[in-house]
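The primary structure of each chain is shown beneath.
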Amino acid sequence: MPGSESPVSLSSLALRPSLGAGTPTCTAAIGCGRLAAVVCADNLILLTLIHPSIFSFTGKLTADLVALDDTYSWFRSRLILGGRSPASLQPLAERTNLPFRAFSLTDQDIDTHLHDVRVVIHMAGPFIATAEPMLRACIRTRTHYLDITGEMPVFDLVYEKMRAEIEAAGILAICGVGFDIVPTDCLAAQLAQALPDGTHLELGIAPTGKGANLTAGTASSAVEGMANPNMVMGPRIDGKIVNKAPGYKSKYIDFPTAGRKFTSFIPWGDCYTAYISTSIPNVDVYFPSVWPLDTVTYYGSPLLQLALKVPGVKPTLLSLIRKFVTGPSAEASATGRVDVWGHVRNAVTGESVSGYVVLPEGYKFTGLAALESARRVFEGRVKKNKGSLTPSLAFGWEYVKDIPGVSVGEVTVHEVKVDG
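Residues numbered from 1 in each chain as written. Predicted model: local features only at pLDDT ≥ 70, side-chain atom pairs only at ≥ 80, totals over all residues. Heavy atoms only, no water.

Asker: So what's going on with the pattern of salt bridges? Which residues, and what values?
Answerer: In the structure shown here, the tally under the stated rule is 14 salt bridges. With its nearest N and O atoms 2.9 Å apart, the salt bridge here joins Arg136 to Glu132. In this pair, Arg136 and Glu132 are both assigned in helix α4 (residues 127–141), 4 residues apart and thus about one turn of the helix distant. Each of Glu132, Arg136 and Glu165 takes part in one network of salt bridges that share partners. (Salt bridge = Lys/Arg side-chain N within 4 Å of Asp/Glu carboxyl O. Helix = DSSP H or I, 4+ residues; strand = E, 2+ residues; numbered from the N terminus.)

Given below as structure tokens:
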């Protein structure tokens, strides 16, 4: 019955079986915006609420998908909700008829509750604060780690700083198994396959309908990122992430369903992950904007970063976010769509290719993609059985086509313009 799970002693910890070895005995966890969710080793899935003041919008959406959509009935005997606050978890557990576990992000607490977990889908933002303790617990307990982050410092943690530890533990660590990393990563990999010697990658993201509202978790992660003086955010230039403010460059993009849009650069995590997947050294990401908002954003972002250093400003802003930012409505989640456009070119030869992906509203897509990713890891349907991987490196770029509601366009090869 919901809420009936009890803590398990550390003495019962056991090594996880390798991917694909024998009969699956795994749990999974999913979390977002101070929520984490785990796919567990004994046919359990754990969704954890890390901070009592922000209950994960995406975590709740994902739990509801499992409870209400028969497509995901496979998860119903495997999903456990989890988090710091039993009072916050119990209503969701009762509504979805799923059990739960309450724990914090301290080492012993996490290890105890990962004793029977094979895969963690971490949805607990801001990930800059929660990813490392969860990842280190996964390394200690040999539990595969997935998350839905888009934060560059977390990508740096997984793909650089802790890469050797992850490999030595024999686990998978796959960041960004949701929007917007999955569609941009898979599209980038598809285009790089079509033009292997590409030198420049441009990505554009355009929500349509009512699908562009942020959740409290996403907004809080953005504030935490801007308040971090050590965070480098910007495009990738010659293989390196370079600090650039939002709006430092702009362009028009013809999106497949949203139409022609004026867009400005945004320093999103796709600039990081696309390079890991494709080795294309120059990456920019664009989002629809309007003049003079792009100019205001470019000059205003550094001022906001300075303001966040003033005592009391960040806590006040985070409190306002928790109070007023609610995320997309049920109608927006059901009807919203997102266009993702990509263009790869070779700056020397002039050759170029482009393509697109159209997907459901971003948070809904994240729930769908996270569940698809978790099951693939659970069942051993991955390209490698250990290491730090992006979604396309783990599953192949084609896997985005298997997520419900997604359509992938054909790659367009553009003619090389010759002077004279």
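Asker: Explain the nonpolar core residue by residue, including any values.
Answerer: Grouped together as the largest cluster of nonpolar side chains are 97 residues, with contacts concentrated most on Leu81, Leu135, Ile174 and Ile403. Among the elements that take part in this core, helix α13 (residues 362–378) stands out by supplying 9 residues, more than any other. Both of domain 1 (44–175) and domain 2 (181–361 + 405–414) provide at least three residues apiece to this core. (Core = buried A, V, L, I, M, F, W, Y, C linked by side-chain atoms within 4.5 Å. Buried < 20%, exposed > 50% of the residue type's maximum accessible area, 1.4 Å probe, protein only. Domains from an automatic or database assignment.)

Asker: If you had to explain helix α1 (residues 57–68) to someone new, which residues and values would you point to?
Answerer: Taking 1.5 Å per residue as the helical rise, α1 with its 12 residues ought to reach 16 Å, and the 16 Å between its terminal C-alpha atoms agrees with that figure. Residues of α1 that are buried include every one of Thr58, Gly59, Leu61, Thr62, Ala63, Leu65 and Val66, and no others. (Expected span 1.5 Å × (residues − 1).)

Asker: Outline the environment of Thr130, listing residues and values.
Answerer: Tracing the chain through its elements places Thr130 in helix α4. Sequence separation between Thr130 and Leu105 is 25 residues, and the spatial gap between their C-alpha atoms is 7.6 Å. A polar atom in the side chain of Thr130 sits 3.0 Å from the side chain of His122. (Polar contact = N/O pair within 3.5 Å; in protein donor to acceptor, adjacent residues only side chain to side chain.)

Asker: Provide a residue-level description of the pairing of strand β7 (residues 144–147), including the pertinent values.
Answerer: Neither face of β7 is left uncovered, since the one carrying His144 and Leu146 and the one carrying Tyr145 and Asp147 both have all their residues buried. Here 4 bridges tie strand β6 (residues 119–122) to β7, and the two strands are oriented parallel to one another. The residue of β7 that forms the bridge with Val119 is His144. In this region the chain leaves β6, passes through α4 and returns to the parallel neighbour β7; the handedness of that crossover is right-handed. Bridge count between β7 and strand β8 (residues 172–174): 2 bridges; the pairing is parallel. For Tyr145, the partnering residue across the bridge sits in β8 and is Ala173. (Pairing = 2+ DSSP bridges. Right-handed = clockwise from strand over helix to strand, strands pointing away.)

Asker: Can you tell me about the packing of α1 against helix α2 (residues 86–96), naming the residues and giving the values?
Answerer: Orientation of α1 relative to α2, taken along the N-to-C sense of each, is 20 degrees, at an axis distance of 9 Å. In this view, α1 runs roughly parallel relative to α2, as classed from their interaxial angle. Two packed elements cross with a definite hand, and for α1 against α2 that hand is right-handed. For the pair α1 and α2, the contacting residues are Lys60, Ala63, Asp64 and Ala67 in the first and Leu92, Arg95 and Thr96 in the second. Here the contact of α1 with α2 is built from residues that sort into 3 nonpolar, 1 polar and 3 charged. (Axes fitted to C-alpha atoms, helices over the stretch in contact; angles between N-to-C directions. Parallel < 35°, antiparallel > 145°, perpendicular 65-115°, else oblique. Left-handed = near helix turned anticlockwise from the far one by under 90°. Contact = heavy atoms within 4.5 Å. Nonpolar A, V, L, I, M, F, W, Y, C, P; charged D, E, K, R; others polar.)

Asker: Can you explain the packing of α4 against helix α5 (residues 152–161)? Please cite residues and give values.
Answerer: The N-to-C vectors of α4 and α5 enclose an angle of 20 degrees; their axes lie 9 Å apart at closest approach. Classified by the interaxial angle, the pair formed by α4 and α5 is roughly parallel. As α4 runs across α5, the sense of the crossing is right-handed. On α5, the residues that touch Phe127, Ile128, Ala131, Glu132 and Leu135 of α4 are Pro153, Val154, Leu157 and Val158. Grouping the constituent residues of the contact of α4 with α5 by class yields 8 nonpolar, no polar and 1 charged.

Asker: Explain the pairing of strand β4 (residues 80–83) to me, using residue names and the numbers behind them.
Answerer: The alternating pattern of β4 places Ile80 and Gly82 and Leu81 and Gly83 on opposite faces, both of which are buried. Note that β4 and strand β5 (residues 100–102) share 3 bridges and pair parallel. Note that in β5 the partner of Gly83 across the bridge is Ala102. Crossover β4 to β5 through α2 is right-handed.

Asker: Let's hear about the packing of aromatic side chains: which residues, and what values?
Answerer: Under the criterion given, the structure shown has 10 aromatic pairs. Arranged with centres 5.6 Å apart and planes meeting at 70 degrees, the rings of Phe57 and Tyr363 form a pair that is edge-to-face. Here Phe57 is found in helix α1, whereas its partner Tyr363 is found in helix α13, with 306 residues between them in sequence. Summarising the aromatic geometry, the rings of Phe395 and Tyr399 are spaced 4.7 Å apart at their centres and angled 45 degrees between planes, so their arrangement reads as tilted. You can call Phe395 buried: its relative accessible area is 7%. According to the relative accessible area criterion, Tyr399 is buried, its value standing at 1%. An aromatic cluster is present here, built from Trp74, Phe75 and Phe378 joined pairwise through their rings. Across from the ring centre of Trp74, 4.0 Å away, lies the NZ or CZ of Arg78, which sits over that ring. (Phe/Tyr/Trp six-rings, centres within 6.5 Å; stacked < 30°, edge-to-face > 60°. Lys NZ or Arg CZ within 6 Å of the ring centre and 35° of its normal.)

Asker: Tell me about the side chain of Thr96, and name the residues and values.
Answerer: For Thr96, the location among the structural elements is in helix α2. In terms of polar contacts, Thr96 uses its side chain to reach the backbone carbonyl oxygen of Leu92, at 2.7 Å. Residues contacting Thr96, with those up to four places away along its chain left out, are Ala63, Asp64, Ala67 and Leu81.

Asker: Could you give an account of the confidence of the model for the protein, with specific residues and numbers?
Answerer: For the protein, mean pLDDT is 81; residues scoring 70 or higher make up 73% of the total. The model gives residues 1–43 a pLDDT under 50, and that stretch makes 201 contacts with residues more than four places away or in other chains. (pLDDT = per-residue confidence, 0-100.)

Asker: Break down unusual backbone geometry for me, citing the residues and quoting the values.
Answerer: A cis amide bond, omega 10 degrees, links Phe179 with the succeeding residue Asp180. Along the chain, the position of Asp180 falls in the loop between β8 and α7 (181–194). Phi angles above zero are rare outside glycine, and Asp238 is one such case at about 50 degrees. Along the chain, Asp238 turns up in the loop between β10 (236–237) and β11 (240–241).

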